[in-house]
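Secondary and tertiary structure notes
The primary structure of each chain is shown beneath.
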Amino acid sequence: MPDIAWTVTQMRAGERVVVNEELIAAYQAASSPHSIRALKSDLEAFDLWCRRTGRIALPATPEIVADYLDARAGQGAKPASLGRYKASIAKIHQLLELKDPIQAELVKLRLRAIRRDKGTAQAQARPLRFKGPVRDVERDAPRGLNVRALLEACAADLPGLRDRALLSVAYDSGLRASELVAIEVGHIVDALDPEARLLVIPRSKGDQDGEGATAFLSPRSVRAIAAWCAAAGIETGPVFRRVQVRRYKARAAVKGRRIATVTGRETWDLRKTLSRPAVPARVEYDVGQGGLHPGSIGQIWRAMIRRAYERGALADLTADDLARLLKGVSAHSTRVGLNQDLFASGEDLAGIMDALRWKSPRMPLAYNRNLAAEAGAVGRLARKLG
């Protein structure tokens, strides 16, 4: 786990800063590793800017913080990111029992001006919906970029089996990347439906206290997990793991030479007189022991989309469509896609929040904004008049 106390001692201070080790240790124990890494990263970036501009990072003045937020906005940082940077600076001042510069009206006004100029809308991950951009989730045929085509295009080798299981579970559960890679064999338990399973989620972003939750795994996902685990020899521990692929080219047969043909200009080696049979091409796989890294999930989705396109599984997409769609795909795309499919199928907000373990309606409503506009009264009238 990153050591925040060590990071603080490296930051540029204008006066002697007393580090309350017990307080920082208590904060680290109460926070997730992801939150601690984010705080450490934000502090290092703030300190680097202060050093380059001849400023003091600890304790920071409102003017320094305001200038820093302006500088990051000028580099393209979004308002949501600026809010995180501000919160990190505030948090370290609180942990060091220093005066919080964020509370100053100057910082609030400068951040408000940035938001007014840039807007507060966040770029949304492109949804990976089960049948793609369809109106009727149950009856319409799949089209465009869709999960079903990606699942069907997976190969029968180890990477293909893993990717099929990974994508199927991600769509069924709506898990975030960090939660998805944390799934272990023991988390999958029996359900009332003998062909389905329940996935125990010990901890999630919205459940830092570890109250736990469950998600439904369809028979499709259960079959995919069973095939992957059987092929990879996984009986315990993380379900989704790295697969290293080693490919060996074929070698043609070599006929042994008569010893008299080995001249003095060559390196003398009796093995040159021996014949060697042809060796066919082969592939070897090495399955890791630990779970995948959360940062690899978005890369896996994009690789699956490219392979599906190359195999003709996304026949109604052009090369330009593919390039445009890939730019928006991230690890969050399956969560957004499931959110939208639930909305399109008529599920109410309470049901969506329960299924995806949302604590607030803000994000599910934001994910469904485009669908809501199309399905709303104005959208229906526009189609009739179109």
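Note that the coordinates shown come from a computational prediction; the quantities given were computed from them, not determined experimentally.

1. Section: the overall build of the chain
A tally of regular secondary structure across the chain gives 17 helices and 5 strands. Seen through its principal axes, the chain has C-alpha atoms that stretch 90 × 70 × 45 Å. Counting the 386 residues in the chain, one finds 40% classified as buried. Put simply, the chain shows about 21900 Å² of open surface, and 53% of that area lies on carbon and sulfur atoms. Treating the 62 positive side-chain charges of the chain as one cloud and the 43 negative ones as another, the clouds have centres 8 Å apart.

2. Section: the side chain of Asp-341
Of note, Asp-341 is situated in helix α13 (residues 333–344). Classification of Asp-341 as buried rests on a relative accessible area of 4%. Sequence-distant contacts of Asp-341, that is, excluding residues within four places in its chain, are made with Arg-129, Phe-130, Val-137 and Tyr-171.

3. Digging into unusual backbone geometry
The linkage connecting Leu-58 with the following residue, Pro-59, adopts the cis geometry, with an omega of -10 degrees. Within the secondary structure, Pro-59 sits in the loop between α3 (33–53) and α4 (62–74). Its identity is not glycine, yet Glu-97 carries a phi of approximately 60 degrees, on the positive side. Within the element layout of this structure, Glu-97 appears in the loop between α5 (79–95) and α6 (105–118). When its relative accessible area of 59% is taken as the criterion, Glu-97 is described as exposed.

4. Thoughts on the packing of aromatic side chains
Tallied over the full model, the rule gives 5 aromatic pairs. Relative to Tyr-85, the ring of Tyr-68 has its centre 6.4 Å away and its plane inclined at 55 degrees; by these criteria the two rings are tilted. With a gap of 17 residues between them, Tyr-68 in helix α4 and Tyr-85 in helix α5 connect regions that are remote in the sequence. Assessed through its relative accessible area of 1%, Tyr-68 is described here as buried.

5. Digging into the pattern of salt bridges
By the definition in use, this model includes 17 salt bridges. Of the charged contacts, one joins Arg-139 and Asp-136 as a salt bridge, the two residues approaching to 3.3 Å between their closest N and O atoms. The closest approach of N and O atoms between Arg-176 and Glu-179, which form a salt bridge, is 3.0 Å. In terms of burial, Arg-176 and Glu-179 fall into one category: buried. Taken together, the shared-partner salt bridges connect Arg-55, Asp-67, Asp-70 and Arg-110 into one network.

6. Quick look at the environment of Val-147
Position of Val-147 among the secondary structure elements: in helix α7 (residues 147–152). Using a relative accessible area of 1% as the deciding quantity, one classes Val-147 as buried. With sequence-adjacent residues up to four places away left out, Val-147 is seen in contact with Leu-128, Arg-129, Phe-130, Leu-167 and Tyr-171.

7. Things to note about the pairing of strand β2 (residues 197–201)
As paired strands, strand β1 (residues 188–190) and β2 are joined by 3 bridges and run antiparallel to one another. Along β2, the bridge assignment pairs Ile-188 with Leu-199. The pairing of β2 with strand β3 (residues 213–217) spans 5 bridges and is classified as antiparallel. Considered in β3, the bridge of Leu-198 is made with Phe-216.

8. Quick word on the packing of α4 against α6
Closest axis-to-axis distance for the α4/α6 pair is 8 Å, and the angle between their directions is 15 degrees. Relative to α6, the element α4 lies roughly parallel. For the element pair α4 and α6, the recorded crossing hand is right-handed. Listed contacts from α6 to Pro-62, Glu-63, Val-65, Ala-66, Asp-67, Leu-69, Asp-70 and Ala-73 of α4 are Leu-106, Val-107, Arg-110, Leu-111, Ile-114 and Lys-118. In terms of residue class, the contact of α4 with α6 is built from 9 nonpolar, no polar and 5 charged.

Quick notes on the rules
Residues numbered from 1 in each chain as written. Predicted model: local features only at pLDDT ≥ 70, side-chain atom pairs only at ≥ 80, totals over all residues. Heavy atoms only, no water. Helix = DSSP H or I, 4+ residues; strand = E, 2+ residues; numbered from the N terminus. Buried < 20%, exposed > 50% of the residue type's maximum accessible area, 1.4 Å probe, protein only. Areas by Shrake-Rupley, 256 points an atom, 1.4 Å probe, with all protein chains shown as cover. Lys, Arg positive; Asp, Glu negative; His and termini not counted. Charge placed at Lys NZ, Arg CZ, Asp CG, Glu CD. Contact = heavy atoms within 4.5 Å. Phe/Tyr/Trp six-rings, centres within 6.5 Å; stacked < 30°, edge-to-face > 60°. Salt bridge = Lys/Arg side-chain N within 4 Å of Asp/Glu carboxyl O. Pairing = 2+ DSSP bridges. Axes fitted to C-alpha atoms, helices over the stretch in contact; angles between N-to-C directions. Parallel < 35°, antiparallel > 145°, perpendicular 65-115°, else oblique. Left-handed = near helix turned anticlockwise from the far one by under 90°. Nonpolar A, V, L, I, M, F, W, Y, C, P; charged D, E, K, R; others polar.

Read these as spatial facts, not as claims about activity.
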